[in-house]
Amino acid sequence: MLAVRGLAMHIPDGFLSVLVSIFFWILSVLLISLVLRRVGSDLGERQVPLMGVLAAAIFAAQILNFTVVGGTSGHLLGAALAAILVGPWAAVVVLSCVVAVQALLFQDGGLLVLGANLFNMAIVSVAVAHMVYRSILKLSGGRRWGIFAGSFLAAWASIFLSALSAGLQLALSGTSPANIAIPTMGGIHALIGTGEGLITLGALAFLGSVRPDLLQTDPATSSGARAIWLGGLLISLVLAVVSPLASRYPDGLEWVAQQQGFLHLQREPLYRLVPEYLLPGIADRNLATVLAAVIGVAVLLGASWAAASSRRRGPQGMD
Amino acid sequence: MHIHFLDPYQARSSPIHRLDARVKLVLALAFILTSALVPPGAWSVLILLLAGVWSAAVLAYLDPGYLIKRAFLALPFVLAALPLLLTVPGEAVLPFQIASFQGAVTGPGLERFISISLKSWISIQAAILLTATTSFPNLLQAMRAIRIPRLLVAVVGLMWRYLFVLADEALRLARAREARSSAGGLSRSRSGGTIGWRARVTGGMAGNLFVRSIERSDRIYLAMIARGYDGEIRGLPLRRMTGRQRAILAAGLGTLFLMMVLAALF
Amino acid sequence: MLPLQRNELTRMPEEIDHRDSTALEIESLSFHYPDGHAALQDISLRVRAGEKTALVGPNGAGKSTLLLHVNGILRGRGSVRICGEPLTNATLKRIRALVGLVFQSPDDQLFSPTVFDDVAYGPIYQGLPETEIDARVHQALAAVRMEGYAKRTSHHLSAGEKKRIAIATVLSMRPEILVLDEPTAGLDPRARRGLIRLLGELPQTILTATHDLAMVRDLFPRMVILDEGRLVADGPTADLLADGKLLEAHGLEQL
């Protein structure tokens, strides 16, 4: 199957708490809605075909990978490349579509946790990449070394910081203790990030020779991109400060969560307080489990029988 | 060569396939939500959910083994939850010693770890079932129905359409690289050349792919305006759902709600 | 050969009125690319309703560029009139409904999830009601003999099938003029024959740019030769194809 990837950022369902999932869903929906409003102003009418085909290209480019060190494969997220080529607004839309379809069609990342994955891989990655690239470009005054250094660092940073964000989400959910999740995610992706950086650099070098017009070296930013630049800076600072802090305290985040009372909510849903006597006899866990298994098997058998008989009855095959 | 395995849709004429895509999408999402809300240790509900998915698979004329196989491919993330075995406080169930490190797998830790893994595994199978029984164009309509912005749906539609085309192109580029690197011989000694060289070649291919995409998007845009595109995203109105479909949706949601209540009692 | 299916699309009720009218009139058209290169120089062309005209010439002659002017994708100096209507910013939308442009690569034209969506695209943007759109899609698919393909995805179709669907996508808009860029390029002999047969059945005014001189001989009574942006010959196909020196001078091979 296609999904041999070194990128370990697509969090599956079940690994983030419902609270964290919903929080990041709301956050992502809000941010993406804002982006949708602005994206037309940069690209105009061509936005739909451009973003659609670019998203397909990123998807396809993920087939191209190469070994970085030993078994790890360098493998493209494409946030930095997209941000550099078509600007941050379109890049957010493009990456959102890629991440969403990966989750839906290939179960690369869950559906309930999609909001969190979108935040990491479509928003944080793009914002950070944009900020880093523009900063270095400005620093170099638009010269070639700025484009190359900027693209490498932007790509690396986009991977590294989205990974930190994912680590924080895992820690907040109580799935993985902070002092393991964050350093591990950070460490692995610091390495993988170099792959992303190198591929992005290679791609831009190619583009520089074939279609230099596609690389806007004009540091004058497009409409509102300054907001993204600031956003990227803010996110980077937050992640940079919070991550080492969280790592230092093994149960740091859980301690915080407990203080605020929502860890309680997370692990012990309020409705657990429903008294046991409502269903006498079923209260015994083991009995309930056996009962469930029996019901389950019965349902399965029933479904098989229904399917088999309907197949005999109904029309055969399709198209 | 066509990349068909990029499309997970398995065409059948089963009752599940015939269900409205909107019903399937909403039920799949509700199912995953239900699975997520199940507290750790409520094994009975998890078993019921699993039975539900497998039953649906059977009703869809699919072998549940198909779901199981594909689901395992997506689960290496389980490693992330491994530390829970040791860190969740509770009675020690499996003490061990590695060199000078002494630790123990706790009961609650084991319970949480297995819960997470199981829930994840079940959710993934539900998602696989959804895409195996619903063609992508129908999924797009379902996305429109649950109010996903038209712009996003349009972009996703185009992405899917050209995914196969570009994947073909990517494979051709990769194969050309293979031919070049073995014929060239200059990098044989270093098993594929330096990292820098490999990165540049891969990057070059990615860049190539991107340029072609941008140029292709220009041509597509011309085709669009030649047929009257004016910047607005228009489509045909969605068909209304029949009463029967609505009933199935309600029944499905009701069952899931019952499961949640059941889980709450544990 | 199957008898032609007469339906709304193959019947032109206004045929009598248009018999002597001009479908396409281009006067002194010139066009320069941004880099200064002159793509078209002082082109004048008049095509009557129902006439089938082929545009031939070497690569880089400006054939495709000229075609892009017919529906206003490119705008040059000089005038373009479609069915008497001048091409201006205000009339663009109407002109694009009158001119059905079929591009060389069908993959660029079939961009929707299903065949139905693609063929319905034009009518949708013409603002037609749903029942009308449905009818047009089925008529267009029938006209290109691709009924039953409505729910298919274009990716799985062969080159010949894609070409037909591409033609259907413009037929559903009920254009007066069909403009085709290299229609037989990339087709195997059987698909090519099928396409030529199809083009012969369509009653619209047709203007095509092509290298396929055999098709021109069989299907297009009038031939126009373009070279380096200039119109160098315009006349009956049989006469021009017999003129070996003329053909050779403009990078064409005599059949």
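Quick caveat, the model's predicted, so the values are computed rather than measured. The written sequence of each chain sets the order in which its residues are numbered from 1. As they are written, the chains are lettered A onward and the ligands numbered 1 onward, keeping that order. Where totals are concerned, whole chains, interfaces and linings use all residues; where local detail is concerned, this predicted model gives features only for residues with pLDDT of at least 70, and gives and counts side-chain atom pairs only at 80 or more. Only hydrogens and water are set aside; all other atoms, that is, all heavy atoms of the structure, feed into the side-chain values.

All names here are of chain B. Here a Phe, Tyr or Trp ring, Trp counted by its six-membered ring, pairs with any other such ring whose centre lies within 6.5 Å, and the pair is stacked when the planes are under 30 degrees apart, edge-to-face when over 60, and tilted otherwise. Tallied over the full model, the rule gives 12 aromatic pairs over all chains. For the ring pair Trp160 and Phe164, a centre distance of 5.4 Å and an interplane angle of 85 degrees mean the geometry is edge-to-face. Here Phe164 and Trp160 lie together in helix 9 (residues 150-184), a separation of four residues that amounts to about one turn. Each member of the pair, Trp160 as well as Phe164, carries the same accessibility label: buried. Each helix is a run of DSSP H or I of at least 4 residues and each strand a run of E of at least 2, with the numbering of both proceeding from the N terminus. Summary of the burial criterion: residues with accessible area below 20% of their type's maximum are buried, those above 50% are exposed, and those between are partly exposed, where the area comes from a 1.4 Å probe applied to protein chains only.

This next bit is on the sheet that holds strand 6 (residues 99-102) of chain C. Residue and element names in this part refer to chain C. At least two bridges found by DSSP between two strands is the condition for calling them paired. Ordered by their spatial adjacency, six strands build an open sheet running 6-7-8-3-9-10, and the pairing between neighbours is mixed. Every other strand in the sheet has two partners, leaving strand 6 and strand 10 (230-236) as the edge strands with one partner each. The average undirected angle you get between the axes of adjacent strands in this sheet is 15 degrees. Of the pairings in the sheet, the one linking strand 6 to strand 7 (residues 177-181) comprises four bridges and is parallel in character. Paired with Gly100 across the bridge in strand 7 is Leu178. We call two residues in contact when some of their heavy atoms are within 4.5 Å. Axis geometry follows a simple rule: fit a line to the C-alpha atoms, using only the stretch in contact for helices, then measure angles between N-to-C directions, giving values from 0 to 180 degrees. Sheet strands touched by helix 7 (residues 159-171): strand 6 and strand 7. Its angle to strand 6, the strand with the most contacts, is close to 160 degrees.

The interface of chain B with chain C comprises 30 residues on the first partner and 28 residues on the second. Only one rule defines a salt bridge in this text: a Lys or Arg side-chain nitrogen within 4 Å of an Asp or Glu carboxyl oxygen. Viewed at the interface, chain C and chain B are joined by five salt bridges. Its salt-bridge partner being Arg216 of chain B, residue Asp108 of chain C comes within 3.1 Å of it at the nearest N-O pair. Polar contacts, as used here, are pairs of N or O atoms within 3.5 Å; protein pairs need one atom able to donate a hydrogen and one able to accept it. Residues neighboring in sequence count only if both atoms are side-chain atoms. Across the chain B-chain C interface, the total number found is 12 residue pairs in polar contact (both at pLDDT 80 or more). Contributing elements (two or more residues each) for the side of chain B that touches chain C: helix 8 (136-145), helix 9 and helix 10 (195-226) of chain B. Among the elements that make up the side of chain B that touches chain C, the one with the highest residue count is helix 10 of chain B (eight residues). Side-chain classes are defined by residue name, with Ala, Val, Leu, Ile, Met, Phe, Trp, Tyr, Cys and Pro counting as nonpolar, Asp, Glu, Lys and Arg as charged, and the others, Gly among them, as polar. Each residue belonging to the side of chain B that touches chain C can be placed in one class, and the counts come to 17 nonpolar, four polar and nine charged.

Here the focus is the layout of surface pockets. Counted as a void, the second largest pocket has a volume near 950 Å³. Going through the elements one at a time, helix 10 (285-313) of chain A together with helix 1 (15-18), helix 2 (21-37), helix 3 (43-59), helix 7 (107-133) and helix 11 (243-264) of chain B are the ones with two or more residues in the lining of the second largest pocket. The class makeup of the residues in the lining of the second largest pocket is 22 nonpolar, seven polar and three charged. Cavities and pockets were defined on a 1 Å grid built from protein atoms only: a cavity is a group of points that admits a 1.4 Å probe but offers it no way out, a pocket is an open group of points flanked by protein on both sides within 12 Å along at least five of seven lines, and a lining residue is one with an atom within 4 Å of any such point. Grid points are joined across faces, edges and corners, and a volume is the space filled by probe spheres set on the points.

Our focus in this paragraph is the packing of helix 2 of chain B against helix 7 of chain B. Residue and element names in this part refer to chain B. At a minimum axis distance of 9 Å, the contact between helix 2 and helix 7 shows a crossing angle of 175 degrees. Classified by the angle their axes make, helix 2 and helix 7 are roughly antiparallel. Contacts between helix 2 and helix 7 involve Lys24, Leu25, Ala28, Phe31, Ile32, Ser35 and Ala36 on the former and, on the latter, Lys119, Ile122, Ser123, Ala126, Leu130 and Thr133. The residue makeup of the contact of helix 2 with helix 7, split by class, is eight nonpolar, three polar and two charged. Between 65 and 115 degrees an angle is taken as roughly perpendicular, under 35 as roughly parallel, over 145 as roughly antiparallel, and anywhere else as oblique.

Moving on, we come to the interface of chain A and chain B. Where interface size is quoted, it is often the accessible area lost as the parts come together. Every contact between the two is made by 88 residues of chain A and, on the other side, 96 residues of chain B. Together, the buried faces of chain A and chain B total about 8,300 Å²; carbon and sulfur atoms form 78% of this surface. Run the count over chain A and chain B and you get two salt bridges. For Arg46 of chain A, the salt bridge goes to Asp218 of chain B, with nearest N and O atoms at 3.6 Å. At the boundary of chain A with chain B, the tally comes to five residue pairs in polar contact (both at pLDDT 80 or more). Summed over both partners, the accessible area lost on bringing two parts together, with a 1.4 Å probe, is the buried area.

So, about the environment of Arg211 of chain A. Relative to the helices and strands, Arg211 of chain A resides in the loop between helix 6 (178-210) and helix 7 (225-248). In this view, Arg211 of chain A contacts Val211 and Glu215 of chain B; residues no more than four positions away in its chain are not counted.

This part covers helix 3 of chain B. All names here are of chain B. One less than the number of residues in a helix, times 1.5 Å, gives the span that helix is expected to have. Between its first and last C-alpha atoms helix 3 spans 24 Å; for 17 residues at 1.5 Å apiece the expected length is 24 Å, and the two agree. Among the 17 residues of helix 3, 13 are classified as buried, and the element is accordingly described as predominantly covered. Following helix 3 by one or two positions, Tyr61 adopts a phi angle in the positive range, close to 60 degrees.

A separate point is unusual backbone geometry. Of note, the phi angle at Gln107 of chain A is positive, near 55 degrees, even though the residue is not glycine. Take Gln107 of chain A: it is sitting in the loop between helix 3 (79-106) and helix 4 (114-140). Phi at Cys83 of chain C is positive, roughly 50 degrees, even though this residue is not glycine. Mapped onto the elements, Cys83 of chain C comes out in the loop between strand 4 (77-82) and strand 5 (85-86).

Looking at the element boundaries, Thr208 of chain C is found in strand 8 (residues 205-209). When neighbours within four sequence positions are excluded, Thr208 of chain C is seen to be in contact with Thr53, Ala54, Leu55, Leu180, Pro183 and Phe220 of chain C.

Quick look at the pattern of salt bridges now. In the structure shown here, the tally under the stated rule is 21 salt bridges over all chains. Close ionic contact of Arg145 of chain C with Glu201 of chain C constitutes a salt bridge, the shortest N to O distance being 2.7 Å. Placement of Arg145 of chain C in the loop between helix 6 (130-143) and helix 7 and of Glu201 of chain C in helix 8 (residues 189-201) is noted, with a sequence separation of 56 residues between them. Among the residues examined, Arg145 of chain C registers a relative accessible area of 28% and is labelled partly exposed. Ionic pairing is found between Arg217 of chain C and Asp218 of chain C, a salt bridge with its closest N-O pair at 3.4 Å. Here Arg217 of chain C falls in the partly exposed class, since its relative accessible area comes to 49%. A single salt-bridge network, built from bridges that share partners, covers Glu169, Arg212, Arg216 and Arg219 of chain B together with Asp108 of chain C.

Turning to the pairing of strand 7 of chain C, a few remarks are in order. Residue and element names in this part refer to chain C. Counted residue by residue, strand 7 has five buried out of five residues, so it is predominantly covered. Burial of the side chains of strand 7 extends over both faces: Ile177, Val179 and Asp181 are buried on one face and Leu178 and Leu180 on the other. If you view a crossover with the strands going away from you and the path from the first strand over the helix to the second runs clockwise, you call it right-handed. With respect to chirality, the unit in which strand 7 leads through helix 8 into the neighbouring parallel strand 8 is right-handed.

What follows concerns the environment of Ser28 of chain C. Here Ser28 of chain C lies in strand 1 (residues 22-32). When near neighbours in sequence (up to four residues on either side) are disregarded, Ser28 of chain C contacts Asp42, Ile43, Ser44, Arg77 and Gly78 of chain C.

Looking now at the side chain of Glu169 of chain B. Residues and elements named next belong to chain B. Tracing the chain through its elements places Glu169 in helix 9. Exposure remark for Glu169: the relative accessible area of 7% places this residue in the buried category. Excluding residues within four positions of it along the chain, Glu169 makes contact with Leu209, Arg212 and Arg216.

Note that every value here comes from positions in space, so none of it alone points to a role or purpose.
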